[in-house]
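Per-entry structural report
This is what each chain is made of:
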Amino acid sequence: MDNNIDQKLPDIRHSVLVNAPINKVWSAVSTADGLSAWFMPNDLEAVVGHEFQLNAGPFGLSPCKVTLVDVPHRLSFNWGKDWTLTFELTDKEEQTEVTVIHGGWSADQVTEFGQPHTVIRGNMDGGWSGLVIKLKSYLEA
C-alpha cells in the first residue's frame, strides 16, 4: 500500500428544515452577525476571496477564506488548513432546507492542534447535529 495516498473520510452532512424564508436563512449563514448568533464569533463577508477568522474560543482564531458565493443558495469557505464548510439552502416556499457540509477529512491527517482527523471528525459530526438545531431555533425565534 502506498502511504502517500490520501485516505479520505466522508464529509459531515446535516440538514434541517427551517420555518423561515430563504433570504432570512441566507443572512444567518452569510453575515458576520448571523453566523455569530448561532455558530462562532467571526468577521465574515460573503465575498469570494474574503479572508476572515472564526473565533473558536479555547482553540483561538481559525483563518478562513470565502471560496463560493451563490446568493441565496450556497456559501463555501475554507476553514483552517484542511476543511471546507458549505451551507446549501433550498427554498421550500415558506420553509428553507439548510444543509451543512463539512469536508476535507482524511484518515492520515491531523488538525493544527495535532489531533487526528479520525477523532475530531466524530466530535464535529456530533457538534453539527446540535448546531443545525441551534440555527433552526435562532431563525424561528
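Here the structure is a predicted model, which is why all the values come from computation and not from measurement.

1. Comments concerning the overall build of the protein chain
- Looking only at helices and strands, the protein chain features three helices and six strands.
- In sequence order, the secondary structure elements of the protein chain are arranged as β-α-α-β-β-β-β-β-α.
- Across its three principal directions, the C-alpha atoms of the protein chain cover 50 × 25 × 25 Å.
- The buried share of the protein chain, reckoned over its 141 residues, is 40%.
- In the protein chain, of all internal contacts separated by at least 6 residues, the share reaching a separation of at least 24 is 50%.
- Computed over 10 positive and 18 negative side-chain charges, the inter-centroid distance for the protein chain is 3 Å.

2. Structural notes on the environment of proline 116
- With respect to the element layout, proline 116 can be found in the loop between strand 6 (95-103) and helix 3 (117-140).
- The sequence separation of proline 116 and valine 66 amounts to 50 residues, and the corresponding C-alpha distance is 25 Å.
- In this structure proline 116 touches Gln109 and Val110, once residues within four positions along its chain are discounted.

3. Points about the packing of aromatic side chains
- By the definition in use, this model includes 10 aromatic pairs.
- The structure contains a cluster of three or more aromatic residues connected by ring pairs, namely Trp38, Phe39, Phe52, Phe77, Trp79, Trp83, Phe87, Trp105 and Trp128.

4. Points about the pairing of strand 1 (residues 12-18)
- Going residue by residue along strand 1, you find Ile12, His14, Val16 and Val18 tucked away on one face and Arg13, Ser15 and Leu17 left uncovered on the opposite face.
- In terms of strand pairing, strand 1 meets strand 6 through seven bridges, oriented antiparallel. Bridge pairing in strand 6 links histidine 14 to valine 100.

5. Let's talk about the sheet that holds strand 1
- Overall, antiparallel pairing links the six strands, which are arranged 1-6-5-4-3-2 in an open sheet. Edge positions in the sheet fall to strand 1 and strand 2 (51-55), since each has one partner strand and no second. When strand polarity is set aside, the average angle formed by the axes of neighbouring strands in this sheet is 25°.
- The sheet contacts of helix 1 (residues 22-30) involve strand 1, strand 3 (61-70), strand 4 (74-79), strand 5 (83-92) and strand 6, and relative to strand 5 the element is tilted by about 170°.
- In this fold helix 3 packs onto strand 1, strand 4, strand 5 and strand 6, with an angle of close to 10° to the strand it touches most, strand 1.

6. Notes on unusual backbone geometry
- In this structure, the amide linkage connecting valine 71 to the following residue, proline 72, adopts the cis form with an omega of -10°.
- Mapped onto the elements, proline 72 comes out in the loop between strand 3 and strand 4.
- Look at glutamate 93: it is not a glycine, yet its phi comes out positive at around 65°.
- Residue position: glutamate 93 is located in the loop between strand 5 and strand 6.
- On the accessibility criterion, glutamate 93 (71% relative accessible area) is exposed.

7. Here we look at the packing of helix 1 against helix 3
- Their axes nearest at 11 Å, the elements helix 1 and helix 3 cross at an angle of 125°. On the basis of the axis angle, helix 1 is oblique to helix 3. Of the two possible hands of crossing, helix 1 and helix 3 adopt the one that is right-handed. For the pair helix 1 and helix 3, the contacting residues are Lys24, Val25, Ala28 and Val29 in the first and Leu135, Tyr138 and Leu139 in the second.
- Among the residues making up the contact of helix 1 with helix 3, the classes are represented as six nonpolar, no polar and one charged.

Cut-offs and rules
Residues numbered from 1 in each chain as written. Predicted model: local features only at pLDDT ≥ 70, side-chain atom pairs only at ≥ 80, totals over all residues. Heavy atoms only, no water. Helix = DSSP H or I, 4+ residues; strand = E, 2+ residues; numbered from the N terminus. Buried < 20%, exposed > 50% of the residue type's maximum accessible area, 1.4 Å probe, protein only. Contact = heavy atoms within 4.5 Å. Lys, Arg positive; Asp, Glu negative; His and termini not counted. Charge placed at Lys NZ, Arg CZ, Asp CG, Glu CD. Phe/Tyr/Trp six-rings, centres within 6.5 Å; stacked < 30°, edge-to-face > 60°. Pairing = 2+ DSSP bridges. Axes fitted to C-alpha atoms, helices over the stretch in contact; angles between N-to-C directions. Parallel < 35°, antiparallel > 145°, perpendicular 65-115°, else oblique. Left-handed = near helix turned anticlockwise from the far one by under 90°. Nonpolar A, V, L, I, M, F, W, Y, C, P; charged D, E, K, R; others polar.

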